[in-house]
Amino acid sequence: MAQSRRVERVAALIRREVSELLMSGIKDERVQHGLVSVTSVEVAGDLQHCKIFVSIFGSAEDREVAMAGLQAASVYVKGELGRRLKMRRTPEVAFVLDRGLEKGNTVLGLLQRLETERRERGADEGGGEEGPADPAGDTDSDSETEA
């Protein structure tokens, strides 16, 4: 169990350091084409390999350009991690495009569109939705006259 805690701690440190490198350390202009953020880091149990999942906000072309820049900068990132983390062996770095946020935005957009369509149908059928509410109001007025 101590091994997995160490792996989690190393992953958190790598995430923090790579995020900092994205803001100020990586000079490759390709990386700046899209808004790049680190979503998660997976480190192998032997600490020899790590996958850095990144989300890139922008067009498909911006994502491709930014990923090419990140792949080219992976050697630099590995060297910086070795200097900053002072580990005996620095893990090999691989950047992976995380489409989770993109898929989430797509789902939210679809839900919003469905909600808009539902409201438009309700406005077009004006009396359709208000119809059941009126008898409920009549029932309340009937109960008031009986009382």
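Residues numbered from 1 in each chain as written. Predicted model: local features only at pLDDT ≥ 70, side-chain atom pairs only at ≥ 80, totals over all residues. Heavy atoms only, no water.

**Q** Tell me about the overall build of the chain, residues and numbers included.
**A** Within the chain one finds five helices and three strands. Helices and strands in the chain line up, N terminus first, as α-β-β-α-β-α-α-α. For the chain, contacts bridging at least 24 residues in sequence account for 62% of all contacts bridging at least 6. Surface summary for the chain: the accessible area is close to 10100 Å², and the carbon and sulfur share equals 52%. (Helix = DSSP H or I, 4+ residues; strand = E, 2+ residues; numbered from the N terminus. Contact = heavy atoms within 4.5 Å. Areas by Shrake-Rupley, 256 points an atom, 1.4 Å probe, with all protein chains shown as cover.)

**Q** Now, about helix α2 (residues 60-85): what can you tell me, with residues and values included?
**A** For the α-helix, the turn length of 3.6 residues means that residues three or four positions removed from each other point alike. Maximum bend of α2: about 50 degrees, positioned at Ala73. By the burial criterion, the buried members of α2 are Arg63, Ala66, Met67, Gly69, Leu70, Ala73, Ser74, Val77, Glu80, Leu81 and Leu85. Directly after α2, the chain includes Lys86, whose backbone phi takes a positive value near 50 degrees. (Bend = angle between axes of the 7 residues up to and from the residue. Buried < 20%, exposed > 50% of the residue type's maximum accessible area, 1.4 Å probe, protein only.)

**Q** Outline the environment of Ile14, listing residues and values.
**A** With respect to the element layout, Ile14 can be found in helix α1 (residues 2-25). By relative accessible area, which is 0% here, Ile14 ends up buried. Residues within four places of Ile14 in sequence aside, it is in contact with Val41, Val43, Cys50, Ile52, Leu81, Leu85 and Pro91.

**Q** Outline the nonpolar core, supporting the account with residue identities and numerical values.
**A** In terms of nonpolar packing, the biggest core is built from 28 residues, with Ile14, Val18, Val43, Ile52, Val54, Leu70 and Phe95 touching the most fellow members. When near neighbours in sequence (up to four residues on either side) are disregarded, Phe95 contacts Val18, Ile52, Val54, Met67, Leu70, Gln71, Ser74 and Val77. (Core = buried A, V, L, I, M, F, W, Y, C linked by side-chain atoms within 4.5 Å.)

**Q** Residues and numbers for the pattern of salt bridges, please.
**A** Using the criterion set out here, one finds nine salt bridges in the structure. Ionic pairing is found between Glu80 and Arg83, a salt bridge with its closest N-O pair at 3.1 Å. A residue pair is termed a helical-turn pair when its members lie 3 or 4 positions apart in one helix, as Glu80 and Arg83 do in helix α2 at three residues. By relative accessible area, Glu80 is classed as buried at 14%. Here Arg83 falls in the exposed class, since its relative accessible area comes to 53%. Ionic pairing is found between Glu80 and Arg84, a salt bridge with its closest N-O pair at 3.3 Å. Of this pair, Glu80 and Arg84 are both found in helix α2, four residues apart, which corresponds to roughly one turn of the helix. (Salt bridge = Lys/Arg side-chain N within 4 Å of Asp/Glu carboxyl O.)

**Q** For the sheet that holds strand β2 (residues 49-57), give the residues involved together with the corresponding values.
**A** The pairing of strands in a sheet happens through backbone hydrogen bonds and is either parallel or antiparallel. Reading across from one edge, β1-β2-β3 is the order of the three strands in this open sheet, with mixed pairing throughout. Each edge of the open sheet carries a strand with a single partner, namely β1 (35-43) and β3 (92-97). With direction set aside, neighbouring strand axes in the sheet form an average angle of 30 degrees. As defined by bridge partners, β1 adjoins β2 across eight bridges and the pair is classed as antiparallel. Within β2, the residue paired with Val36 across the bridge is Ile56. (Pairing = 2+ DSSP bridges. Axes fitted to C-alpha atoms, helices over the stretch in contact; angles between N-to-C directions.)

**Q** Help me get a handle on a nonpolar patch on the surface, residues and values and all.
**A** A grouping of Val107, Leu108, Leu111 and Leu114 is seen on the molecular surface, where their side chains present a nonpolar patch of about 390 Å² in accessible area. Structurally, Val107 is set in helix α3 (residues 100-124). (Patch = residues over 30% accessible without salt bridge, like charges linked within 9 Å, V, L, I, M, F, W, Y side chains within 5 Å.)

**Q** Can you break down the side chain of Thr90 residue by residue, with the values?
**A** Within the secondary structure layout, Thr90 lies in the loop between α2 and β3. Excluding residues that lie within four positions of it along the chain, Thr90 makes contacts with Lys78, Leu81 and Gly82.

Take it as geometry only, folks, not as evidence of what the structure does.
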